[in-house]
Amino acid sequence: MTAGHERATGIVVGPPGPPNDVGVLAVVPGEGFAVIARSLGATPITGGATMNPSTEELLTGVREVNARHVIVLPNDGNVILAAEAARKAADVEVTVLPTRNVGQGMAALIAFDPAKDPALVADEMRGVAERAHGIEVTRAIRDSTVDGTKVAEGEAIALLDGRLVAHGDDDVTVLVEAAKRLTDAEILTLYSGAGVDAARVEYAAQRLRANCPRAEVEVKVGGQAHYPFIVSAE
C-alpha cells in the first residue's frame, strides 16, 4: 500500500488515481474564474496581468491535470510561448489552444466534454475559441498611445480581443461601447473584478442588456485584479 503525503494544510492525501483520457489546464486571472474552471472540469493555474506563469509552472500544472492528453488554455497572448515550451517538454500529449484572453478561454472551456475523443474535444474547443471574443476593461497606468489612440493616465480603457476600442472617464461606458461592436453575440458573460461593488456590477449588467438587446447577459464573479470587468462573448 502506497503511503499518502501531507500538504502544508495538514490534510493527508493519497497518490493520484489513474490518468483520465483528456483534461484541461486553464490559466485564469482570479479565484472566481478558478472556481468556475474547476466546475467545468478544468485544472486552473493563476495568471493574468503581471503574474504570467512560467514554463515550469505550466509543466507542473500539466502533471496535476493527470491526463494522457492535456489541453492548455493560455488565455493571454503573453503565455502562449511558455505554453508551447511546456508542450514540448511534457511527457504526455499536450495541445495548446492559442486563446489570447480569458474571455475566449472560458467560452472554449464550456465546450469541454471529457467523454469524447481527445482530438475531437480539442478541435471543438478550438472552434468555439475562434468564434468567441473577449472584452477587458482596465485603467491606463500612464499617458500613452495604444493602437494609435492617445490615452491619458487613469482613463478607463476597453480592449476587444486585445485591441483598444474605447476609452473615457467611466469604466461601464467604455465596456458598453466595446460590447456594442459585437452585433452577432448571443451570450455576454460579465465577470466582475476584485473589489467591484455589487451594485456597480448590476448597473454594468443593466447597461449591457439595454444596449445589446439581442444578447443574453450573465453575471459571474471573476475576482480578477486590475480589470473591473471582463466579458466573454459567444
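What you are looking at is a predicted structure, and each value in this text was computed from that prediction instead of being measured.

What counts and how
Residues numbered from 1 in each chain as written. Predicted model: local features only at pLDDT ≥ 70, side-chain atom pairs only at ≥ 80, totals over all residues. Heavy atoms only, no water. Helix = DSSP H or I, 4+ residues; strand = E, 2+ residues; numbered from the N terminus. Rg over C-alpha atoms; globule rule 2.2 N^0.38 Å. Contact = heavy atoms within 4.5 Å. Lys, Arg positive; Asp, Glu negative; His and termini not counted. Charge placed at Lys NZ, Arg CZ, Asp CG, Glu CD. Buried < 20%, exposed > 50% of the residue type's maximum accessible area, 1.4 Å probe, protein only. Pairing = 2+ DSSP bridges. Axes fitted to C-alpha atoms, helices over the stretch in contact; angles between N-to-C directions.

**Student:** What am I meant to see in the overall build of the protein here?
**Tutor:** Per the secondary structure count, the protein includes seven helices and 14 strands. For the protein, the C-alpha radius of gyration of 19 Å lies close to 17 Å, the compact-globule estimate for 234 residues. Viewed in the frame of its principal axes, the protein has a C-alpha envelope of about 60 × 35 × 35 Å. Considering only residue pairs separated by 6 or more positions, the protein has 64% of its internal contacts joining residues 24 or more positions apart. Taking the average location of the 21 positive side-chain charges in the protein and that of its 32 negative ones, the two points are 3 Å from each other.

**Student:** Could you clarify how one ought to interpret the pairing of strand E10 (residues 156-160) in this entry?
**Tutor:** In regular strands, side chains alternate between the two faces of the sheet. Burial analysis of E10 places five of its five residues in the buried class, the great majority of the element. Across five bridges, E10 lies against strand E11 (residues 163-168) in antiparallel orientation. Counted as the bridge partner of Ile157 is His167 from E11. Between E10 and E11, which pair antiparallel and follow one another directly, the connecting turn spans two residues, one of which, Asp161, has a positive phi of 50°.

**Student:** Which parts of the structure should I look at to understand the sheet that holds strand E4 (residues 42-46)?
**Tutor:** Strand pairing in a sheet takes place through backbone hydrogen bonds and is either antiparallel or parallel in direction. In space, the four strands of this open sheet follow the order E4-E3-E5-E6, with parallel pairing throughout. Since the sheet does not close on itself, it has two edges, and those belong to E4 and strand E6 (93-96), each with one partner. On average, adjacent strands in this sheet sit at an angle of 25° to one another, irrespective of strand direction. Pairing of strand E3 (residues 20-28) with E4, which is carried by five bridges, proceeds in the parallel orientation. Across the sheet, Val28 pairs through a bridge with Thr46, a residue of E4. Its contacts with the sheet place helix H4 (residues 102-110) against E3, E4 and strand E5 (67-73), and it is angled at close to 145° to E5.

**Student:** Is there a simple way to explain the sheet that holds E11 in this structure?
**Tutor:** Judged by pairing direction, the sheet is mixed, and its six strands sit side by side in the order E11-E10-E7-E14-E12-E13 without closing on themselves. In this open sheet, the two strands that pair with only one neighbour each are E11 and strand E13 (216-221). Ignoring strand direction, the axes of neighbouring strands in this sheet form an average angle of 20°. In terms of strand pairing, strand E12 (residues 187-192) meets E13 through six bridges, oriented parallel. Its bridge partner lying in E13, Leu188 is registered against Val217.

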